[in-house]
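# Chain and residue survey
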Amino acid sequence: HASVATERESETLYKRFVFGALLIALTTGFGLGVINLTRIAHAGNYYAVGGILKQIHGHAQIFGWVGLFIMGVAFHAVPRFKSGALARPGLLPVVLWLQLGGVFVLVVGLLVGGGVAAVARVLGTAALLGAALAFGRTMRATLRADAGAPEGFEGYVRGGCTWLVVAALLACGGAWRGSAAIQP
């Protein structure tokens, strides 16, 4: 059955989210953070590191490391908390590639700079918004699949999904305004 294969795939796909989170954390997340802090400490001046490098580090941390990790854990844990299956498991690869792609486009585009950065801001943040919306839809459908009374943790899941969408919308707003500082 296709649903059995999709369900089995969703059982292992969450690991790709965690792996992606760790990969981003160890490179542009923690790695760039250590380089930035070392340069700041060596110079004795916070402004020794340009704003773009700080933006890259921030986006990698928020949308890459934290975002992907939380998504992966939620895709794995929420269905178990509800004693059911993950709703819409076919959206998992879409969420993964939109989130990874959004972070990658932002990082590379901001590093390249110029007109490429402007396009990268718009495309990258749009991908992050798409991932946030698809993630929220999957979590909402998973929570609704159980006919029982809502459990205490569900408000936190809904709140987390809402704030992820808000963060992506803020990043999109900054990108559309052409702001160099697209706060996550």
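One can find the structure itself at the top, above this paragraph.
All figures in this text were calculated on a predicted structure; none of them were measured in a lab.

Rules used in this analysis
- Residues numbered from 1 in each chain as written.
- Predicted model: local features only at pLDDT ≥ 70, side-chain atom pairs only at ≥ 80, totals over all residues.
- Heavy atoms only, no water.
- Core = buried A, V, L, I, M, F, W, Y, C linked by side-chain atoms within 4.5 Å.
- Buried < 20%, exposed > 50% of the residue type's maximum accessible area, 1.4 Å probe, protein only.
- Helix = DSSP H or I, 4+ residues; strand = E, 2+ residues; numbered from the N terminus.
- Contact = heavy atoms within 4.5 Å.
- Patch = residues over 30% accessible without salt bridge, like charges linked within 9 Å, V, L, I, M, F, W, Y side chains within 5 Å.
- Areas by Shrake-Rupley, 256 points an atom, 1.4 Å probe, with all protein chains shown as cover.
- Salt bridge = Lys/Arg side-chain N within 4 Å of Asp/Glu carboxyl O.
- Phe/Tyr/Trp six-rings, centres within 6.5 Å; stacked < 30°, edge-to-face > 60°.
- Lys NZ or Arg CZ within 6 Å of the ring centre and 35° of its normal.

## Remarks on the nonpolar core
One finds Phe-17, Phe-63, Phe-75, Val-95, Phe-135 and Met-139 to be the most contacted residues of the largest nonpolar core, which totals 40 residues. Only helix H1 (2-43), helix H2 (51-81), helix H3 (91-112), helix H4 (114-144) and helix H5 (154-177) provide two or more residues apiece to this core. When residues in this core are grouped by element, the largest group, nine residues, is from H4. Other than its neighbours up to four places away in sequence, Met-139 contacts Ala-74, Phe-75, Val-78, Leu-86, Val-157 and Cys-161.

## Here we look at a nonpolar patch on the surface
Taken together, the side chains of Val-66, Phe-69, Ile-70 and Val-73 present a nonpolar region at the surface, about 300 Å² in accessible area. Secondary-structure assignment places Ile-70 in helix H2.

## Looking at the packing of aromatic side chains
Tallied over the entire structure, the rule returns six aromatic pairs. Aromatic side chains Phe-17 and Phe-75 sit 5.2 Å apart centroid to centroid with 65° between the ring planes, which places their arrangement in the edge-to-face category. Within this pair, whereas Phe-17 is found in helix H1, its partner Phe-75 is found in helix H2, the two being separated by 58 residues in sequence. Comparing Phe-17 with Phe-75, the two get one shared label, buried. Here the aromatic residues Phe-17, Phe-75 and Phe-135 are joined through ring pairs into a cluster of three or more. Against the face of Tyr-46 rests Lys-54, its NZ or CZ located 3.4 Å from the ring centre.

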